[in-house]
Every structure is written in structure tokens, then in C-alpha cells.
There are 2 protein chains.
Amino acid sequence: MSNAFVRKLDRFEQLTPDDRAWLLEISVRAKQVSADCDLIREGDNPENVLVIIDGFAMRYKLTSNGRRQIFAYLIPGDFCDLHVALLKKMDHSIGTLSPCRVAHFTPAMIVELTERSPSLTRALWMCSLVDGATLREWLVNLGQRSAPHRISHLFCELHERMLAVGLTDDGSFELPLTQSELSDTMGLSIVHVNRSLKELREAGLVTLRNERIIIPDVAVLKDYAEFDASYLHLKWPLQGARNSS
Amino acid sequence: MSNAFVRKLDRFEQLTPDDRAWLLEISVRAKQVSADCDLIREGDNPENVLVIIDGFAMRYKLTSNGRRQIFAYLIPGDFCDLHVALLKKMDHSIGTLSPCRVAHFTPAMIVELTERSPSLTRALWMCSLVDGATLREWLVNLGQRSAPHRISHLFCELHERMLAVGLTDDGSFELPLTQSELSDTMGLSIVHVNRSLKELREAGLVTLRNERIIIPDVAVLKDYAEFDASYLHLKWPLQGARNSS
DNA sequence: CGACTTTTTGACCTAATTCAACTAATGTGG
DNA sequence: CCACATTAGTTGAATTAGGTCAAAAAGTCG
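Residues numbered from 1 in each chain as written. Chains lettered and ligands numbered in written order. Predicted model: local features only at pLDDT ≥ 70, side-chain atom pairs only at ≥ 80, totals over all residues. Heavy atoms only, no water.

As annotated in an unreviewed UniProt entry, chain A carries the name CRP-like cAMP-binding protein and is attributed to Rhizobium wenxiniae.

Printed below as a string of C-alpha cells:
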């Protein structure tokens, strides 16, 4: 028995059967949330730490002139707000992109976790470091790459992360993003995102349709996007299918 | 007695005289480093945590096609690598922009710190949270703002941070950046940075000359840039001149 | 089936880039 | 201290990537 959450942490630190059982127990108590609603809103003081068990969400912020910037996509296994233990107020929001199942960790559970398992504690710490590294890579993406390369790079990252939690089917995976969301992620207009997607599709690099992405040849797309996964700090090499007991 | 490092942490958590004395003691042992050299290089496994006591540095990464993206400017009081305790390898570099004095914390000293002072521990934790929040704000900056607004926003941030550590002189402060560095920060060409700076200068908003920035009216520039300092999570309000014993 | 959202396309416009030259600065050795 | 080299800043002209506006086509859903 396993799930995306367990698989994700297991990519950072070798977990004990005990650790896994504990994580699974929390996962089954996850609550269902519908699409397009905020899990956490800017200004909130969330009391629990949330984890996406199933579905897609995004980290975003609205600017004073009504624009939206998306900072991160949260896929199964990702923490929403591991960092804000100390901050009184969230400085950004987290919204669902699809129906999600969300697990809740109370502060007491976090304490229990850090006391019962050093490797789990390290894994959580790693999660927040990787979130930071990913943000830096996004900055490189916005600052240095053209629209089609930028979009491809995002797709490569998502593929790598979905692969890490066992949610890809060859080069294909679920991706419930509208072009509007993509444009708010990439700092591009919707129209330009549309044209860039067309370009990528016609070049045979990647197709996005019906909330699903299809990458005919992942290596080719990575090459095109100059994608180097090392910032994701995944411990075992890419395809490493490890059994999960 | 005080310095930028002490003042910075003191903005997050009220420190005890003991805490301050300890920080100062470490600060005086800081080592001098010349301009334009790397304190930490991508791929390194740094053993000590570094703090800029004096001078300017940047966090950056070189892309495979030879471009450079700057993620952050480090000013006096800033940590270089608080996060990488766990990561085996740095995924980016840190280079000096001016001659710097750099303090070194050994792992043992960090442990001592967390044991001797909960408020210092929280202050350090806050530092890394604020670094993350700042990175998110930079992403908004690159994704959503035009060149002149983008540059102004950066200047507002730097002013706010320099003010927080007592290094501004009215609306003016030292800023040893070339236009090339600005362009690698902003995801703009050097030429366009030059033209945008000219525009800002002629609008009377801000002047950058001789490694020094002059903001005639900070409030006006903040307004222009739609700058909202809340992401810096400074505890006491802006001008709060608190005595440092 | 209509109402609505998302995707796609065309025509036109503008912000930003590139290339190239030229002018300050800054620095170095004789 | 000057001649020379080098780096940083400035400007113009031509080009292009990306944005805006507008409208049509295609999906989605109650």
C-alpha cells in the first residue's frame, strides 16, 4: 500500500514501514474539496498544515492592478503551507484547480512527527528546500527563456514531479490547466500562450488537450527546454522504480 | 553597540542583550572578501553558514546557454545559505558585488544558537521564510510588471531592507550595481534597462549613479511601483527607530 | 438547447531586443 | 602623470517577440 504523499517523501528519505503506515493513516482521513476554491487565502492564519493527497492546486497572488501570478503548482504529495508555522499571516493564496483530497496536520501531529521519526523530519525539511529551489528555477524561466521554451520547461518540471509520485503514463499525465492559468504562470498573454502551444504541438514536442498532456518524447522536450532536473533534488535516479512494500 | 546583522534579526524578534552580544562577537570575527568573487559556487557543499556583515552580494545561477539570472541581493545582515544544511550541493552560486565582510557560523555554532536562544532560532527561521516570500514577489515582478515598474519595485525593496538595517541616508543608499547586473536580475536587456533608468531619472523618480541610488521621494516611488512591503514581514513599522542598547 | 467558458485565429500595435557605434569612466603600466 | 586598454553607460535605427482588440469556433454544463 502506498500513495503519492508517501512516494514523494520516500524520494527524499528512505522511510520505515512505520513512517509509511502513519502517513497513510493520515491520508485516508483527507477531506474532499471541489475545484476552483481557495484552500488558504492571503491574510489567513491557517491552523493546520495541508497536504494535497489527490488533485491539483496552485499557489498564487493577486496584484493591486487585478493581475494574478501563479508561483507553484501543487500536485499529489505536496504541502500547502509547511513554511508558515511562524508567519502570522499567509502572504499568498492556494486554490484548487481540480477536485482535491486534502489531508490536515494539526500542530500536535507535526510535533509528534518530528519526535517519532528523524527521517520524516528531514523529508519535510527537504520539501521546503525543494520548493525554494523550484521557485528560483521559475525565476530563471521567466527571466531568461522565450515563451515556447518557458512553457516547455514548466511541462518538463511537471512531468518529472508527476513521475516521482507515480502519476505518469509514459510521457502523458493529467494536467487540468486552462491557457489562462498558464498565462498567469508564465507572465505571458493568453493569446501568446495559445500560439506558443500551437507551435509546440506542430513541432511534435507536446500536446495539451482535455486536461491531459502528451509528451511524445520526453528526452526531446527536455533537450528543447534545456531542462535539468537537479533542482528538484530527487534522491534516486529518474526511473528508479522502488517497491513500496 | 550594534550592527546590521543584529539590527536585522532584531526586526524579527526582540533579542536579549545576551543574544546581541553573542551575534556581535561572531560579527567581529568576519573575514574580508574582495569584490567580484564567489563566496559559494554551484555544486559546492559549504560547511559553514555565511552571513554578510558588510557589503553587497548576489544569489545567482548561470544557464546552459550562458545567461545569468540573479535571484536575490544580499545586503548586510543577510544569510547566504541558511537553507542548505540538508542539501548536499548548492544549486546556485553567491558572488560579491563589492568588498564584503563575511561572518562564518559552524554547524556547532548553529546548534549552540538554537539551544541558547529560542528567539534567535525563530529569527533565523523567519529569515528563510522572508527569503522565500521575497522570491515570490520577484516572480510577480518579472511576470506582471513593465520594465520601469519592475526596476522601481526592486529599488523600493532594497530601500526598505536597507532602511531596516539602518543603512539609508534619507532616500539614498549605497548600491554598487552595474546595469548589466540589473538586466540579469530583471530579465531585460542592458539597453532596455538603460533606457528605463533614463525614463525614471527624467520623471524625477530615482537616480542611480556612482554606485549610489537617490530616491527624491520614497512615497512617490512606492506608489509608482505599487510596492507593498508586507512580504518582508518586518515586525515593527517602517521608521520605528528602536534603541539598540 | 441555450448560456458560458475556453480555445483559436487575424490584424494591428508596442515593449523590448539586437546590432552597432560612440562617449564616459576607470584602471594600468611605463 | 599620461597614453592606452578596458569596462560601463548612452544613443540611434531596425527588428521581433509578445501584447491588445475583436470576433469566430469549439467545448462544457445546467
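**A few points about the relation of the copies chain B and chain A**
When chain B is fitted to chain A, the best match, at an RMSD of 0.0 Å, comes from turning it 180° and sliding it 0.0 Å along the axis. The transformation just described matches what one would write down for a two-fold rotation axis. When you check the interface residues of chain B against chain A, 100% turn up at the interface there too, and the contact is symmetric in its surfaces. (Least-squares fit on C-alpha atoms with pLDDT ≥ 70 in both. Contact = heavy atoms within 4.5 Å.)

**Here's the deal with the protein's contact with DNA strand C**
Taken together, 15 residues surround DNA strand C, and among them A:Q179, A:N194, A:R195, B:S189 and B:H192 come closest. Near-protein atoms of DNA strand C (within 4 Å) split between backbone and bases, with sugar and phosphate holding 65%. Between A:K198 and DNA strand C, the recorded distance is 3.5 Å, taken from a side-chain N or O atom to a phosphate oxygen. Between B:S189 and DNA strand C, the recorded distance is 2.8 Å, taken from a side-chain N or O atom to a phosphate oxygen. (Near = heavy atom within 4 Å. Polar contact = N/O pair within 3.5 Å; in protein donor to acceptor, adjacent residues only side chain to side chain.)

**A closer look at the sheet that holds strand β3 (residues 49-54) of chain B**
Residues and elements named next belong to chain B. Strands sit in the order β1-β7-β3 across an open sheet of 3 strands; the sheet is antiparallel. At either end of the open sheet lies a strand with only one pairing partner, and these are β1 (31-33) and β3. When strand polarity is set aside, the average angle formed by the axes of neighbouring strands in this sheet is 40°. In the sheet, β3 pairs with strand β7 (residues 100-105) via 5 bridges, with the strands oriented antiparallel. Each residue of the ladder has a partner; that of L50, found in β7, is H104. Each of β3 and β7 is contacted by helix α2 (residues 17-28), which is oriented at about 120° to β7, the strand it contacts most. (Pairing = 2+ DSSP bridges. Helix = DSSP H or I, 4+ residues; strand = E, 2+ residues; numbered from the N terminus. Axes fitted to C-alpha atoms, helices over the stretch in contact; angles between N-to-C directions.)

**Here's the deal with the environment of A:C156**
Residue and element names in this part refer to chain A. In this fold, C156 is placed in helix α5 (residues 147-164). On the basis of relative accessibility, which here comes to 3%, the residue C156 falls in the buried class. Considering only alpha carbons, one finds C156 and A219, 63 residues apart in sequence, at a separation of 9.4 Å. Setting aside chain neighbours within four positions, we find C156 in contact with L221, K222, A225 and F227. (Buried < 20%, exposed > 50% of the residue type's maximum accessible area, 1.4 Å probe, protein only.)

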